[in-house]
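Each chain, letter by letter, is given below.
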Amino acid sequence: MNKHVVIIGAGIVGVSTAIWLRRAGARVTLVDKADPGQGTSYGNAGVLASCAIVPVTEPGLITKAPGYLLNPNSPLFMRWSYLPKLAPWLFKFMRHANDTDTRRITSALTTLIGDSVDQHLSLTEDLPGARAFVHPSDYVFAYGARSDFDKESYGWGLRRDNGFVPELIEGQAVQEYDPAYGPAIKCLALMKEHGFISDPGNYVAALASALSEMGGEIRQSEVQDVTLNAGQVQQVETSDGPIACDAVVLAAGIWSGPLMRKLGLPPPLESERGYHVVFQEAEGAPKVPTMISAGKFVATPMRAGMRCAGIVEFGGVEAGPSDAPFALLRRKMKEALPGVTWRGEETWMGHRPTLADSLPMIGELSAKGVFSGFGHQHIGLTGGPKTGRILAGIILGQPLNTDVSAFTPQRFDG
């Protein structure tokens, strides 16, 4: 296999694609301006959330969103100065807040992430350095009361329809399951056969190290453009010179947008700014990843401590972090997990790339040999390995046993 594929972006999608291509014998060059795993893949919640199939745009969001934005305890934030620039994308995004689109999106996401733990285990087969970060486990949704769970019946109904049925734990049984949950938590929705990554950044770095050992090339360089000749990819222009190639994969998350625009294919892509606080050397933390429903963030046990990650903020890619999301994470964590102690904190803000229909763009563009693998919103780590496997198959012309039509880049033509 002499095909040379350049992959732009060394996050979980890019590295996964590179590994699957290399296993099939392709020549691979992975390019990123930063070290592998140091972008969005670094700061996520670490949960392998196979059941995270319900998009933010549930029916009724249009009427509820203003109240969320005005509520200081809501996990939805807006930098109002960014609203004029956001408005065209936001209009397209909110058009999907209906039952028909939500069910269609949910079904597609189930195809992509419903077997996420198995996909991570398959990706890390014979890669012990990376496999050490993968931990199959339960995944818990923690509620203040059964009534709070019932209020989310629409989303749970969609999960049930797609094979994800929770086990409910109530009353004293909550603390019997895990004493980390304080008295404010009175109901758990327990999902089996999920998992988490105990250090997402170093996990991706370990995968990249394995890729290098497999003969893949890794370059730290800034990609400036993709050169086409008669509609066929010819080379990738970088700050260190051109790289000739037979195919190129855009897997740079939110940073794929500028390259797409240079190709004349501007995607409806926006950043959902995500936040995390790592409570370092935490003691008394939950034993498994836990979605704190009141704050819509996940508390995950990690090597460095307990990471609380989530929140949605619209504010573009240029502005620095806001204080309010960090304050909400700290406040809601203490309410739900009052017995946790820790020795220090690390904070982070990053950019979750979200397309207007909440589905990633996976496939070949109209330019021959140019492929996309970005737009995974909240499920990039969860869906990265399968996305990489799908892309490798498409690039190499292998038959797919997965229907990927929902993710086609052509859905945004025109």
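Before reading on, note that the structure itself is shown above.
Here's what I pulled together on the structure shown here. (Residues numbered from 1 in each chain as written. Predicted model: local features only at pLDDT ≥ 70, side-chain atom pairs only at ≥ 80, totals over all residues. Heavy atoms only, no water.)

### Some thoughts on the sheet that holds strand E9 (residues 223–229)
Spelled out, the test is: The pairing criterion for strands is at least two bridges between them, as found by DSSP. Each helix corresponds to a stretch of at least 4 residues labelled H or I by DSSP, and each strand to a stretch of at least 2 residues labelled E; elements are numbered beginning at the N terminus. Only the stretch in contact is used when fitting a helix axis, every axis being a line fitted to C-alpha atoms; angles between N-to-C directions are given from 0 to 180 degrees.
Spatially, E9-E10-E11 is the arrangement adopted by the three strands of the open sheet, whose pairing is antiparallel. With partners counted over all chains shown, the strands left at the sheet margins are E9 and strand E11 (241–244), one partner each. Recorded for the sheet is a direction-independent mean angle of 25 degrees between the axes of neighbouring strands. As paired elements, strand E10 (residues 232–238) and E11 share four bridges and run antiparallel to each other. By the bridge assignment, Glu237 is partnered in E11 with Pro242.

### Quick notes on the side chain of Ser137
Stated formally: We call two residues in contact when some of their heavy atoms are within 4.5 Å.
Tracing the backbone through its elements, the reader meets Ser137 in strand E5 (residues 134–143). Those residues in contact with Ser137 that lie beyond four places of it in its chain are Glu193, His194, Gly195, Phe196, Val288 and Pro289.

### So, the packing of aromatic side chains
The criterion, for reference: To pair, rings of Phe, Tyr and Trp, with the six-membered ring standing in for Trp, must have centres within 6.5 Å; the planes then decide the type, stacked if under 30 degrees apart, edge-to-face if over 60, and tilted in the middle. Relative accessibility under 20% of the residue-type maximum defines a buried residue, over 50% an exposed one, and the middle range a partly exposed one, all with a 1.4 Å probe and only protein chains included.
Following the criterion strictly, the structure yields 10 aromatic pairs and no others. Taking 5.7 Å as the distance between ring centres and 55 degrees as the angle between the ring planes, the aromatic pair formed by Trp89 and Phe314 counts as tilted. Highlighted residues: Trp89 in helix H4 (residues 83–94) and Phe314 in strand E16 (residues 305–314), separated in sequence by 225 residues. For Phe314, a relative accessible area of 6% gives the class buried. Relative to Trp156, the ring of Phe141 lies with its centre 4.9 Å away and its plane at 75 degrees, an arrangement referred to as edge-to-face. With a gap of 15 residues between them, Phe141 in strand E5 and Trp156 in helix H9 (residues 153–161) connect regions that are remote in the sequence. The pair formed by Phe141 and Trp156 is uniform in burial state, with each residue classed as buried. Linked through ring pairs, Tyr139, Phe141, Tyr143, Phe149 and Trp156 together constitute an aromatic cluster.

### A look at unusual backbone geometry
At Asp126, a position not held by glycine, the phi torsion is positive, near 65 degrees. Within the secondary structure, Asp126 sits in the loop between helix H6 (116–123) and helix H7 (128–131). Of note, the phi angle at Glu193 is positive, near 55 degrees, even though the residue is not glycine. Here Glu193 shows up in strand E7 (residues 187–197). Residue Glu193 is classed as exposed on the basis of its relative accessible area, which comes to 71%.

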